[in-house]
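# Secondary and tertiary structure notes
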Amino acid sequence: MKNQNFTTTISVDRSPEDVFAAINNVRGWWSGEIEGDTDKLGAEFTYRYKDVHRTRQKVTEFIS
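Computed from a prediction, not measured in an experiment: that's the story for all the values here.

## Quick look at the pattern of salt bridges
Applying the stated criterion across every chain yields a total of 4 salt bridges. A salt bridge links Glu 33 to Arg 48, with the shortest nitrogen-to-oxygen separation between them at 3.0 Å. Here the residue Glu 33 occupies a position in strand E1 (residues 33–36), and Arg 48 occupies one in strand E2 (residues 44–49), the gap between them amounting to 15 residues. We classify Glu 33 as partly exposed; its relative accessible area is 42%. Of the charged contacts, one joins Asp 37 and Lys 40 as a salt bridge, the two residues approaching to 3.0 Å between their closest N and O atoms.

Right, dumping it as structure tokens:
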């Protein structure tokens, strides 16, 4: 895979503030276990779904 970037556009009937809050509510849209902070720049958290998936995430960009 040469190009590893992905861009898409989604239009919703909500204010920019509502959309930003919803996108950054990780616990609201992932159903597994989340350990750690998810809501600030530099935060690191672990996501686990049963015994099927486990990943460690770091917030590297936080643009409002």
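Anyway, onward from the coordinates.
## Focus on unusual backbone geometry
Excluding glycine, most residues fall at negative phi; most peptide bonds, likewise, are trans. Positioned with a positive phi, Lys 50 is a non-glycine residue whose angle comes to about 45 degrees. Structurally, the position occupied by Lys 50 is in the loop between E2 and strand E3 (53–58).

## Side note on the sheet that holds E2
Reading across from one edge, E1-E2-E3 is the order of the 3 strands in this open sheet, with antiparallel pairing throughout. One side of each edge strand has no neighbouring strand; the edge strands of this open sheet are E1 and E3. Here the strands of the sheet are splayed against their neighbours by 15 degrees on average, with no regard to which way each runs. When E2 meets E3, the two strands line up antiparallel, connected through 6 bridges. Bridge pairing in E3 links Thr 46 to Arg 56.

## Some thoughts on the nonpolar core
Residues Val 26, Ile 34, Ala 43, Phe 45, Tyr 47 and Val 59 constitute the largest nonpolar core, which totals 6 residues. For Ala 43, the residues in contact, after removing those within four places along its chain, are Asp 37, Thr 38, Gln 57, Lys 58 and Val 59.

## Re the environment of Leu 41
Structurally, the position occupied by Leu 41 is in the loop between E1 and E2. A relative accessible area of 59% places Leu 41 in the exposed class. Considered as a pair, Leu 41 and Ile 63 are 22 residues apart in the sequence and their alpha carbons are 9.2 Å apart. In this view, Leu 41 contacts Val 59, Thr 60, Glu 61 and Phe 62; residues no more than four positions away in its chain are not counted.

The rules behind each value
Residues numbered from 1 in each chain as written. Predicted model: local features only at pLDDT ≥ 70, side-chain atom pairs only at ≥ 80, totals over all residues. Heavy atoms only, no water. Salt bridge = Lys/Arg side-chain N within 4 Å of Asp/Glu carboxyl O. Helix = DSSP H or I, 4+ residues; strand = E, 2+ residues; numbered from the N terminus. Buried < 20%, exposed > 50% of the residue type's maximum accessible area, 1.4 Å probe, protein only. Pairing = 2+ DSSP bridges. Axes fitted to C-alpha atoms, helices over the stretch in contact; angles between N-to-C directions. Core = buried A, V, L, I, M, F, W, Y, C linked by side-chain atoms within 4.5 Å. Contact = heavy atoms within 4.5 Å.

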